[in-house]
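# Examination of the molecular architecture
What follows is the residue order along each chain.
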Amino acid sequence: MTAYKRVQQWNTFARVWHLYDATWQNPFESAQRIMKYLKGLHKPIYHPLNDCGDHVVVINSGEIALLGDEWRKRVYFHHTGYPGGATWTLAWELHDKDPTMIMKKAVYNVMDGNLQRRYTMQRLHIYPDDDVPEKIKQNITNQIRQLRPVPKRLDRYAPEEVQRFPKVMDWPKNYILR
Amino acid sequence: MVFTSLALFVRNRGPDEFWRKRKILKLSAHFYGRRRNCYSIAIRAVHRALVSATKGRKLKKEDMVALWETRITAGCEEHNMTYPLFREGLVRCNILLNRKTLADLAVWEPRTFKSLVKVAHARVSQDGLAGVTELGDPPSGIITRGMLK
């Protein structure tokens, strides 16, 4: 193997670090997309036996959005292995306890249950907010496109911007806004 | 072999027992444990292995097709294209490349693959297939057979 070929090999199989902002994103649909990058399915050199998966850093996992009343209806099951050791935790309870857990389980569950799954999960780094350790932040070179654009909330606009927004009419002076 | 009577001819069970078993034991030579040398166990293991080999000939082809499709999909997504639209665009341009060739091009000839994606993109957006609007603007300066009307 020549020096050129060796460097080409390193470059081909070099791990890329991707950033994914989970703000207001559906974790279960995001998991499908994140899984592709973790397993290396986005590269034409993919093969189940070659180790070409990338790292994914998920930020703002505390800000994920579940559909409808999923927060109250989705249940996470756990069994300690002892008799009577079964517990059922609602999604909002789990999210209160650990804001990264729903995202982590979503990604874990979309992957096939083979021996590689635990090692692939080690390349996933989830943070509940945008506070990422410097050591991890300096590796990131790419950003994964979000599933949908995040709309700006009304209370995040400056009061002047809200005032300047075109309106059809002014409320009458004696009209009481509730 | 010489048979002195009809009864002895009927009793005869084909070729010599040693060589008959030898054929089977040659097939089980790489097995583990008693399945390798004990004939009655070896014959069962050999039958099983031959069944698996028969099934495997079909499965191997299916596995390769699935792998090629994964690779082509990955190559397409690098250029913001989907696999079904890509194949449809190529067929409509009369570029009849199979999955194996396309996957090889995606790995070893990325520039060629990119130009194929461009050709397919131009064709599907000209024909206005469902889902082309998500691909973005069609590439300019691409002219292929069947596009000039």
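Conventions used here
Residues numbered from 1 in each chain as written. Chains lettered and ligands numbered in written order. Predicted model: local features only at pLDDT ≥ 70, side-chain atom pairs only at ≥ 80, totals over all residues. Heavy atoms only, no water. UniProt positions renumbered as here; feature names shortened; annotations may be inferred. Domains from an automatic or database assignment. Phe/Tyr/Trp six-rings, centres within 6.5 Å; stacked < 30°, edge-to-face > 60°. Helix = DSSP H or I, 4+ residues; strand = E, 2+ residues; numbered from the N terminus. Buried < 20%, exposed > 50% of the residue type's maximum accessible area, 1.4 Å probe, protein only. Lys NZ or Arg CZ within 6 Å of the ring centre and 35° of its normal. Salt bridge = Lys/Arg side-chain N within 4 Å of Asp/Glu carboxyl O. Pairing = 2+ DSSP bridges. Contact = heavy atoms within 4.5 Å. Buried area = accessible area lost by both parts, 1.4 Å probe. Polar contact = N/O pair within 3.5 Å; in protein donor to acceptor, adjacent residues only side chain to side chain. Nonpolar A, V, L, I, M, F, W, Y, C, P; charged D, E, K, R; others polar.

Going by the annotation in an unreviewed UniProt entry, the name recorded for chain B is Large ribosomal subunit protein bL20m, with Zootermopsis nevadensis given as the source organism. According to UniProt, the comment filed for chain B under the heading Sequence similarities (unreviewed entry) is "Belongs to the bacterial ribosomal protein bL20 family."

Naming follows an unreviewed UniProt entry, where chain A appears as 39S ribosomal protein L13, mitochondrial of Zootermopsis nevadensis. Looking at the Sequence similarities (unreviewed entry) heading of the UniProt record, one finds this comment for chain A: "Belongs to the universal ribosomal protein uL13 family."

The next thing to look at is the domain arrangement of chain B. Structurally, chain B comprises domain 1 (12–58) and domain 2 (61–135). Computed over C-alpha atoms, the centres of domain 1 of chain B and domain 2 of chain B are 46 Å apart.

This part takes up the packing of aromatic side chains. Under the defined criterion, the tally for this structure stands at four aromatic pairs over all chains. With a centroid separation of 5.3 Å and an interplanar angle of 55°, the aromatic rings of Phe86 of chain B and Phe113 of chain B are classed as tilted. Here Phe86 of chain B is found in helix 5 (residues 83–92), whereas its partner Phe113 of chain B is found in helix 7 (residues 110–127), with 27 residues between them in sequence. Side by side, Phe86 of chain B and Phe113 of chain B carry an identical accessibility label, which is buried. Above the plane of the ring of Phe28 of chain A lies Arg74 of chain A, whose end atom (NZ or CZ) is 3.8 Å from the centre. A cation over a ring is seen here: Lys152 of chain A above Tyr157 of chain A, with NZ or CZ 4.5 Å from the ring centre.

Counted under the stated rule, the structure contains 16 salt bridges over all chains. Residues Lys36 of chain A and Glu77 of chain B are paired through a salt bridge, measuring 2.9 Å at the closest nitrogen-oxygen approach. Of the two residues, Lys36 of chain A is situated in helix 2 (residues 27–39) and Glu77 of chain B in helix 4 (residues 39–78); the pairing between them involves two chains. Judged by relative accessible area, which is 28%, Lys36 of chain A ranks as partly exposed.

Residues and elements named next belong to chain A. Here five bridges tie strand 3 (residues 75–79) to strand 4 (residues 86–90), and the two strands are oriented antiparallel to one another. For His78, the partnering residue across the bridge sits in strand 4 and is Thr87. Linkage of strand 3 to strand 4, two consecutive antiparallel strands, is achieved through a turn of six residues, within which Gly81 is found at a positive phi near 105°.

Of the residues lining the interface, nine residues belong to chain B; the matching set on chain A comes to nine residues. Both sides together, the interface formed by chain B and chain A hides about 730 Å², and carbon and sulfur atoms give 60% of it. Together, Leu67, Arg71 and Ala74 of chain B form the three largest contributors to the area buried by chain B at its contact with chain A, with a combined 47%. At the boundary of chain B and chain A, one finds one salt bridge. Our enumeration of links across chain B and chain A arrives at three residue pairs in polar contact (both at pLDDT 80 or more). Contributions of two or more residues to the side of chain B that touches chain A are made by helix 4 and helix 6 (99–108) of chain B. Element by element, the count of residues in the side of chain B that touches chain A is highest for helix 4 of chain B, at seven residues. Residue composition of the side of chain B that touches chain A, grouped by class: four nonpolar, two polar and three charged.

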